[in-house]
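Spelled out from the first residue to the last, the chains are:
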Amino acid sequence: MLCYINYKRVDKPLEIPNLEVEIGFGRGDFIVKLAKERPEKNYLGIELSQISVEKLMKRVEREKLKNVYCTRIDAYWGFFLLFEDEQVENIYMNYPDPWFKKRHHKRRLTTPERLYIFARRLKTGGEIRIRSDNREFIDFTIETAKFLECFEIKEGILDVKEPLTKYEEKWLSMGRTLYRLNLKKLRKPKEVPHPTIEEVRELFPVKVKAKELKAEFIENREFKLGEEVYFKTFKLWEKDGSYLIESLLSEKGYYQKFFIQLKRKGEEFVIDVSPFSEVLRTRNLQRAINKVAELVESL
Ligand SMILES: C[S@@+](CC[C@H](N)C(=O)[O-])C[C@H]1O[C@@H](n2cnc3c(N)ncnc32)[C@H](O)[C@@H]1O
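None of the values given here were measured: they were computed from a predicted structure.

Colleague: For unusual backbone geometry, give the residues involved together with the corresponding values.
Modeller: Look at the link from Lys12 to Pro13: it is a cis peptide, with omega at -5°. Structurally, the position occupied by Pro13 is in the segment before strand S1 (19–23). Residues other than glycine seldom take positive phi values, yet Glu86 does so here, at roughly 65°. Relative to the assigned elements, Glu86 resides in the loop between helix H3 (75–82) and strand S4 (88–94).

Structure (structure tokens):
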């Protein structure tokens, strides 16, 4: 079994039964423990850190676990892209919050739009189980949970007999009070505006007639392709009459860095994402290809 799920390539929604999800699994101690205790369930860990993902993959292989999966993506987009509503049985978040400063609060995992998407994908009757050493984060999350009008909220102080993770061990040894917050889904959450991106089945190359390229026309340009959708080009690289343009697409806060290939074919250039760039195929990515084609055509 392949533990790593490539969210850019996999068929969606994921077809994994009896699924529970841990957001920000860190060293992976907790997800591994859960998976061993409950072999009848499947566990998917979502992480931003590449090192954490690699460590978990090694551990899963070493311990021959058959019910642990992981992927590397921001949790919001992971939930948005990978699951359908009412799919996830329970969600776990342990010590998720490094955002102490007020100006960083919008990055928290429990802002209304994030908690909304987690709540949508959670089964009715399922729970979001949170552990934190930060009282302010717990209060912030309770506020958001109330706002969504879909949860039964239970909170308390953790009485830890056996630390779940290194973080927990550290906080306990420092004598910190640890909190638990359980949000049980009773109904659909109240609608909240939230960022969306649209995946497409295929990206189409674009052919344009052009004799030569002028780098200054293509390099270091910035375009607004739609509401909160920005496309930026950087350096143009040439090899044997064909080109690669380094590109960045930001769609509602979802970022992709990739190369667009401009391949010479006689009088024409064929413009497409480079086969060496792995991308999530989105409607705006097609717009980015079209934009480069437009630039080439206008030379
Ligand atoms: C403080 S560590 C806690 C790790 C682990 N849960 C534990 O208790 O030891 C927080 C973890 O959450 C991950 N994380 C933070 N924001 C995230 C996000 N938006 N999506 C996925 N993972 C995230 C970080 O990469 C980090 O590994």
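Colleague: For the side chain of Glu47, give the residues involved together with the corresponding values.
Modeller: With respect to the helices, strands and loops of the structure, Glu47 is situated in strand S2 (residues 42–47). Look at Glu47: it is buried, it has no salt bridge, and the nearest opposite charge is Arg72 at 7.2 Å. Leaving out residues up to four positions away in the same chain, Glu47 has contacts with Gly24, Phe25, Gly26, Ser52, Val53, Thr71, Arg72 and Ile73.

Colleague: Got a sec to walk through the domain arrangement of the chain? Specific residues and values, please.
Modeller: One frequent convention defines the size of an interface as the accessible area lost when the parts assemble. Partitioning the chain into domains gives domain 1 (19–185) and domain 2 (206–297). Distance from the C-alpha centre of domain 1 to the C-alpha centre of domain 2: 37 Å.

Colleague: Go over the pattern of salt bridges, please, and point to the residues and values.
Modeller: For the structure on display, the rule yields 24 salt bridges. A salt bridge links Lys41 to Glu89; its shortest N-O distance comes to 2.7 Å. Taken together, the positions of Lys41 in the loop between helix H1 (29–37) and S2 and Glu89 in strand S4 put the pair 48 residues apart, joining distant regions of the chain. The salt bridge partner of Glu168 is Arg131, with a shortest N-O separation of 2.7 Å.

Conventions used here
Residues numbered from 1 in each chain as written. Predicted model: local features only at pLDDT ≥ 70, side-chain atom pairs only at ≥ 80, totals over all residues. Heavy atoms only, no water. Helix = DSSP H or I, 4+ residues; strand = E, 2+ residues; numbered from the N terminus. Buried < 20%, exposed > 50% of the residue type's maximum accessible area, 1.4 Å probe, protein only. Lys, Arg positive; Asp, Glu negative; His and termini not counted. Salt bridge = Lys/Arg side-chain N within 4 Å of Asp/Glu carboxyl O. Contact = heavy atoms within 4.5 Å. Domains from an automatic or database assignment.

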